[in-house]
Amino acid sequence: MHEQEGVQPYSENPRAILLRTLSTEYHELGKGYGKAALQQLPEFVQHQFPHIDEIVLAVNVANEFARELYAKYGYQDTGRRVTGSKGMLIVMSYPLKVLT
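Here's a quick rundown of the structure. From a predicted model like this one, the values you see are computed outputs, not experimental measurements.

Rules behind the numbers
Residues numbered from 1 in each chain as written. Predicted model: local features only at pLDDT ≥ 70, side-chain atom pairs only at ≥ 80, totals over all residues. Heavy atoms only, no water. Bend = angle between axes of the 7 residues up to and from the residue. Helix = DSSP H or I, 4+ residues; strand = E, 2+ residues; numbered from the N terminus. Buried < 20%, exposed > 50% of the residue type's maximum accessible area, 1.4 Å probe, protein only. Contact = heavy atoms within 4.5 Å. Pairing = 2+ DSSP bridges. Axes fitted to C-alpha atoms, helices over the stretch in contact; angles between N-to-C directions. Phe/Tyr/Trp six-rings, centres within 6.5 Å; stacked < 30°, edge-to-face > 60°. 1 Å grid on protein atoms, 1.4 Å probe; cavity = no way out; pocket = protein on both sides within 12 Å on 5 of 7 lines; lining within 4 Å. Points joined across faces, edges and corners; volume = space filled by probe spheres on them. Nonpolar A, V, L, I, M, F, W, Y, C, P; charged D, E, K, R; others polar.

The principal kink in helix H1 (residues 33-48), of about 40 degrees, is found at Leu41, preceding the proline Pro42 by one to four residues. Gly34, Leu38, Leu41, Pro42, Val45 and Gln46 are the residues of H1 that are buried. Residues of H1 that are buried make contact with strand E1 (16-18), strand E2 (54-60), helix H2 (64-72) and strand E4 (87-95).

The next thing to look at is the sheet that holds E1. Strand order in this open sheet of four strands is E1-E2-E4-E3, and the pairing throughout is mixed. Looking at the sheet topology across the chains shown, the edges are occupied by E1 and strand E3 (76-84). Shown here is a sheet whose adjacent strand axes are inclined to one another by a mean of 30 degrees, direction ignored. Judged from the seven bridges that link them, E2 and E4 form a sheet pairing that is antiparallel. In the strand pairing of E4, Val59 is matched with Ile90. The sheet strands contacting H2 are E2 and E4, and the helix crosses E2 at an angle near 160 degrees.

Let's shift gears to the packing of aromatic side chains. All told, the structure shown has three aromatic pairs when counted by the stated rule. Relative to Phe49, the ring of Phe44 has its centre 6.5 Å away and its plane inclined at 70 degrees; by these criteria the two rings are edge-to-face. Classification of Phe44 by relative accessible area gives partly exposed; the value is 43%. For the pair Tyr70 and Tyr75, a centre-to-centre distance of 6.0 Å together with 65 degrees between the ring planes defines the contact as edge-to-face. Exposure class is identical for Tyr70 and Tyr75. Each is buried.

Turning to the layout of surface pockets, a few remarks are in order. If you add up the space inside the largest pocket, you get close to 870 Å³. Lining the largest pocket are 30 residues, and of these Leu22, Ser23, Asn63, Ala66 and Tyr70 sit closest to its centre. For the lining of the largest pocket, the elements supplying multiple residues, two or more each, are H1, E2, H2 and E4. In terms of residue class, the lining of the largest pocket is built from 14 nonpolar, eleven polar and five charged.

Here it is in structure tokens:
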């Protein structure tokens, strides 16, 4: 998780936090760990970073499985595209209510 400068160029929102990486070991795929993490992440962020009002992440255009998984758990395509080291990335966002 990154705040402030770590969020750029994915979001200009000063109250956003970046989920840098979410990955699962190949032999653990299909066991629900990624889904569980995505389900618990909003509450975790709200409690650990109460000033944050947005979670952003970037997913490779070619990773259709991950894009669909993120969308299933409430992440929306922001329309922003960023070139990463492994190609074009789609920036997705999950809005949060600020608890403070």
